[in-house]
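Structure at a glance
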Amino acid sequence: MDKMWSGRFSEGASSLLDEFNASIMFDRRLYKEDIEGSLAHASMLQAQGILNAAELTAIQDGMAEVLSEIESGMFEWKISDEDLHMAIEKRLTAIIGETGGKLHTARSRNDQIAVDFRRYVLRKDREIAQLLKSLLEVVVEIASKHTETLIPGMTHLQHAQPINFGFHMLAYASMFKRDIERLEDSRRRNNVSPLGCAALAGTPHNINREMTAATLGFDSVSVNCLDTVSDRDFALEILFNISTMMMHISRLSEEIILWSSYEFGFVELSDAYSTGSSIMPQKKNPDVPELLRGKTGRVNGNLISLLTVMKGLPLAYNKDTQEDKEGVFDSIDTAELSLKILAEALKTMTIKADNMAKACQKGHLTATDLADYLVQKCGVPFRETHFISGKAVARAEALGIDVSAMSFDELQKVDDRIKEDVMPYLALKHSMNARESQGGTSTLRTMEQVVQFQNYIEGLSL
Ligand code: ARG
């Protein structure tokens, strides 16, 4: 009967209940947030005359000891203490005596966990954005070196039009930039203090919520206590943000896996980020991008899990909510490790520009340019030029060559409005550089985009 809430109970808890009910095995990760929250709360209670100066000092000293016990590994985390809040308060009281019991005045574990978990998530919003920034730097650096490196641009995984590899990488830079913005949006929106909401309805004690909010670095105080103690939107947002980010990482991973195959041969991962096979001596496997792709499934599961936990809950706090933490911790850990390893794998990846260029010679990448030529030089409606170019492709196929390698004579047989000045239009580099419209793939436009991303990175204060 050593439970803090055992006043109305006459029988002790079964050990099965202890195990089932406890969150201490995983919520202990929030110990710093919990202690900081308690110290902010205690200082406020003293400022409001609810604790005296000696009581506050005792709490502060006791908490310092609890903190050092936790950080040195001396603290005893017991499943029978249920969660970190009770374990820490119990230890504090053991150290400083009954003053420890005054700390929970005007507070409940409901607002306590809401503060701890929210602050942890807000911190991680930032830290993940910082890691994304490092990844973005690597991606933009690669792009800046490859604004002239031709690669087949694809749709439906079929050769479409020639683009440059820098342009391709900047598509991912665009995604990662939005991922940073989403995390920052979430952090701003959710930077609201739950402390002082108590169990659900507020408190009769004369507290100062503005004060604890400011101490803990919140921008403001939440408006409605009933909402505040049951709201887990902030956790869902980080789960969604991580899922979206991992979906982007997974798409890039999928391309790296394809590109490192013999069939493509566009890139080679460094030995440090590849693995071998236990049976086939020749193998060099892209385990890193494969795992990144796989782990994306796992973080998606965490998002759906919490959405499902939350969807049927009546107001306000319900114990179901305790199920919010493990998935969030798992997604955060996965995101952090994934971002670090992806940045390293990209940094050390060899780009095989020759193979990329060779691949551009297949698939009639400049067929659209032939149609565009007839529009621009001969005033033929695009719908008709599309058909003419299609016939040229069919002729090239019959000859066993690429449209870009067709002779002028052959082209004229397809349509006699085609003149000799068509030839540059069929060249791959010309085609890439012709796409000069805003956001297009021409080397100049790509360099412009590189500068935009560099400026964005430079202006980021995270
Ligand atoms: N361990 C609990 C959780 O994570 C803390 C809040 C408990 N509140 C309660 N009324 N039982 O949700």
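Now for a look at the structure at hand.

Analysis parameters
Residues numbered from 1 in each chain as written. Predicted model: local features only at pLDDT ≥ 70, side-chain atom pairs only at ≥ 80, totals over all residues. Heavy atoms only, no water. Near = heavy atom within 4 Å. Polar contact = N/O pair within 3.5 Å; in protein donor to acceptor, adjacent residues only side chain to side chain. Areas by Shrake-Rupley, 256 points an atom, 1.4 Å probe, with all protein chains shown as cover. Helix = DSSP H or I, 4+ residues; strand = E, 2+ residues; numbered from the N terminus. Nonpolar A, V, L, I, M, F, W, Y, C, P; charged D, E, K, R; others polar. Patch = residues over 30% accessible without salt bridge, like charges linked within 9 Å, V, L, I, M, F, W, Y side chains within 5 Å. Salt bridge = Lys/Arg side-chain N within 4 Å of Asp/Glu carboxyl O. Buried < 20%, exposed > 50% of the residue type's maximum accessible area, 1.4 Å probe, protein only. Phe/Tyr/Trp six-rings, centres within 6.5 Å; stacked < 30°, edge-to-face > 60°. Lys NZ or Arg CZ within 6 Å of the ring centre and 35° of its normal.

Taken together, Ser23, Asp83, His85, Arg109, Asn110, Ile113, Tyr317, Gln322 and Lys325 form the complete shell of residues around the ligand. Measuring from a nitrogen atom of the ligand, one finds a side-chain N or O atom of Gln322 at 2.8 Å. About the coverage of the ligand: the protein hides 87% of its 350 Å² of free accessible area. In terms of residues, the shell around the ligand owes the most to one element, helix 6 (residues 109–145), which gives three residues. For the shell around the ligand, a count of residues per class yields two nonpolar, four polar and three charged.

What follows covers a nonpolar patch on the surface. A surface patch of nonpolar side chains, amounting to about 270 Å² of accessible area, comprises Leu200, Leu226 and Leu315. You can see Leu226 is positioned in helix 9 (residues 225–230). On the basis of relative accessible area, Leu226 is assigned to the partly exposed category, the value being 32%.

Attention shifts here to the packing of aromatic side chains. Within the structure shown, the criterion is met by eight aromatic pairs. Ring centres of Tyr120 and Phe329 lie 5.2 Å apart, and the angle between their planes is 80 degrees; on these two criteria the pair is classed as edge-to-face. Linking Tyr120 in helix 6 with Phe329 in helix 12 (residues 325–347), this pair joins segments that are 209 residues apart in sequence. The two residues Tyr120 and Phe329 agree in class, both being buried. Geometrically, the ring pair formed by Phe264 and Phe266 is edge-to-face, given 5.2 Å between the ring centres and 90 degrees between the ring planes. For the pair Phe264 and Phe266, a shared accessibility class is recorded, and that class is buried. An aromatic cluster of at least three residues, connected via ring pairs, comprises Phe117, Tyr120, Phe234 and Phe329. In this structure, Arg8 is placed above the aromatic ring of Phe9, and the distance from its NZ or CZ to the ring centre is 5.9 Å. The ring of Phe117 is capped by Lys325, whose NZ or CZ atom sits 5.6 Å from the centre of that ring.

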